[in-house]
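Structural characterization, general
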Amino acid sequence: MARTQTQLAEVDPVWARILDEAEKAVADEPLLGGLVHQSVLHHKTLERALSYRISLKLASGEMSEQILREICDEAYASDPGIGRSARADIAAVFDRDPACHRFLQPLLFFKGFQAVQSYRIGHWLWHQGRRDMAYYIQMRVSEVFGIDIHPAARIGKGIMIDHAHSIVIGETAVVGDNVSMLHSVTLGGTGKEEQDRHPKIGDGVLIGAGAKVLGNIRVGNCSRIAAGSVVLSEVPPCKTVAGVPARIVGEAGCAQPAMSMDQILKSGA
């Protein structure tokens, strides 16, 4: 296995690292051997492992694991960018979540990561014109993970959703690259309008737990939204907003708030 992992590392270091961590996990906890082998070690690529994991999680009496796995395999084969985004998401969770000590953990255990990867399949289906199947994926992600992401929403890469419970991301929302958010965040609308009605979140933004960003407004790059805030108007880049309704309370405090995950509001921040 070491030779195989060395060869893989030359072309896919993320997957090689996951394989290495999986073997160590089995050695440390043999009772998880079946789970780890089925989810990781039996697969040749991260994409195949993700197909297995997503289909296993989302299958139900209404839709078999086999059908969902075929859909996932088709999506990954058709759009290599989905797999590249997954790798960026794994690295993001590892870099930003202090509870994540291995690349293996998001793949096996973290529902925020698993929900985002499932959304990516639904988003691919949406753009293939397979809207009802995309809605099915959305429904099952909501039922299984407690996270509701419309398949038409546009979400970048390097996304970290910590804890992730009760996340809601609406149909016309846009989330940039390298964004971090915590549980109970809503990117929602403000009424019954049917057109472009959801927030546009820039790159590198940090959104604290329970924050609500409502309406077709822009949140500028590398800004911070404090926990529990309700954002109803535009947020300039590199600022911190807090309150109900949110107002600017200072600078973002660092160049990359989504990377540092610093949520403390300092005097003059």
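Residues numbered from 1 in each chain as written. Predicted model: local features only at pLDDT ≥ 70, side-chain atom pairs only at ≥ 80, totals over all residues. Heavy atoms only, no water.

1. Considering the overall build of the protein
Along the backbone of the protein there are 10 helices and 15 strands. A globule of 269 residues ought to have a C-alpha radius of gyration of about 18 Å, and the protein, at 19 Å, matches this closely. Overall, the C-alpha framework of the protein stretches about 55 × 40 × 30 Å when taken along its three principal axes. Relative to its full complement of 269 residues, the protein shows a buried share of 54%. Of the contacts formed within the protein by residues at least 6 apart in sequence, a portion of 45% connects residues at least 24 apart. Counting only carbon and sulfur atoms, one obtains 54% of the accessible surface of the protein, whose full area is about 12,000 Å². Separation between the mean location of the 28 positive side-chain charges and that of the 30 negative ones in the protein comes to 3 Å. (Helix = DSSP H or I, 4+ residues; strand = E, 2+ residues; numbered from the N terminus. Rg over C-alpha atoms; globule rule 2.2 N^0.38 Å. Buried < 20%, exposed > 50% of the residue type's maximum accessible area, 1.4 Å probe, protein only. Contact = heavy atoms within 4.5 Å. Areas by Shrake-Rupley, 256 points an atom, 1.4 Å probe, with all protein chains shown as cover. Lys, Arg positive; Asp, Glu negative; His and termini not counted. Charge placed at Lys NZ, Arg CZ, Asp CG, Glu CD.)

2. Remarks on the sheet that holds strand S5 (residues 174–175)
Read from one edge to the other, the open sheet built from four strands follows the order S2-S5-S8-S11, with strand pairing classed as parallel. Of all the strands in the sheet, the pair left with one neighbour each is strand S2 (154–155) and strand S11 (218–219). Examined bridge by bridge, S5 and strand S8 (residues 200–201) share two bridges and lie parallel to one another. Directly across from Val175, in S8, lies its bridge partner Ile201. (Pairing = 2+ DSSP bridges.)

3. Here's the deal with the sheet that holds strand S15 (residues 247–251)
Read across the sheet, six strands follow the order S3-S6-S9-S12-S14-S15 without closing on themselves; strand pairing throughout is mixed. Strands with a single pairing partner mark the edges of an open sheet, and in this sheet they are strand S3 (160–162) and S15. In this sheet, strand S6 (residues 180–182) lies alongside S3 in parallel orientation, the contact comprising three bridges. Looking at S6, one finds that Asp162 is bridged to Leu182.

4. Looking at the pairing of S15
Across four bridges, the pairing between strand S14 (residues 239–242) and S15 is antiparallel. Note that in S15 the partner of Thr240 across the bridge is Gly250.

5. Thoughts on the state of the cysteines
Evaluated as defined, the whole model comprises zero disulfides. No disulfide involves Cys238; its nearest neighbouring cysteine sulfur is the one of Cys222, lying 5.2 Å away. Given a relative accessible area of 36%, Cys238 falls into the partly exposed group. (Disulfide = S-S within 2.5 Å.)

6. What to know about the side chain of Asp89
When you line up the elements, Asp89 lands in helix H6 (residues 80–96). A polar side-chain atom of Asp89 sits 3.0 Å from the main-chain amide nitrogen of Gly158. Residues in contact with Asp89, not counting those within four places in the same chain, are Phe113, Val116, Gln117, Arg120, Lys157, Gly158 and Ile159. (Polar contact = N/O pair within 3.5 Å; in protein donor to acceptor, adjacent residues only side chain to side chain.)

7. Section: the pairing of S14
Two elements, strand S12 (residues 224–225) and S14, share two bridges in a ladder whose sense is parallel. Bridge pairing in S14 links Arg224 to Thr240. Connecting S14 to the next strand, S15, in antiparallel fashion are four residues, including Gly243 with a positive phi near 110°.

8. Focus on the nonpolar core
Counting 79 residues, the largest nonpolar core has Ile18, Val40, Ile169, Met181, Leu187, Ile201 and Ile207 as the members making the most contacts within it. Top contributing element to this core by residue count: helix H8 (residues 111–127), with eight residues. With residues up to four places along the chain from it excluded, the contact list for Leu187 reads Val168, Ile169, Gly170, Ala173, Val175, Met181, His198, Pro199, Ile201, Ile207 and Val213. (Core = buried A, V, L, I, M, F, W, Y, C linked by side-chain atoms within 4.5 Å.)

9. Concerning the pattern of salt bridges
Overall, the coordinates contain 12 salt bridges when judged by the stated rule. Arg87 is the partner of Asp12 in a salt bridge, and the nearest nitrogen-oxygen pair spans 2.6 Å. On the criterion of sequence distance, the pair formed by Asp12 in the loop between helix H1 (2–11) and helix H2 (13–28) and Arg87 in helix H6 is long-range, its members being 75 residues apart. We classify Asp12 as buried; its relative accessible area is 11%. (Salt bridge = Lys/Arg side-chain N within 4 Å of Asp/Glu carboxyl O.)

10. Describing the packing of aromatic side chains
Here the distance between the centres and the angle between the planes together describe a pair of aromatic rings. The full count for this structure, using the stated rule, is two aromatic pairs. Geometrically, the ring pair formed by Phe94 and Phe103 is edge-to-face, given 5.0 Å between the ring centres and 70° between the ring planes. Judged by relative accessible area, which is 23%, Phe94 ranks as partly exposed. Taking 5.3 Å as the distance between ring centres and 85° as the angle between the ring planes, the aromatic pair formed by Trp126 and Tyr135 counts as edge-to-face. Overall, Trp126 belongs to the buried group, its relative accessible area being 7%. Here the guanidinium or amino end of Arg17 rests over the ring plane of Phe94, the centre of that ring lying 4.5 Å away. A cation sits over an aromatic face here: Arg17 above Phe103, 4.1 Å from the ring centre. (Phe/Tyr/Trp six-rings, centres within 6.5 Å; stacked < 30°, edge-to-face > 60°. Lys NZ or Arg CZ within 6 Å of the ring centre and 35° of its normal.)

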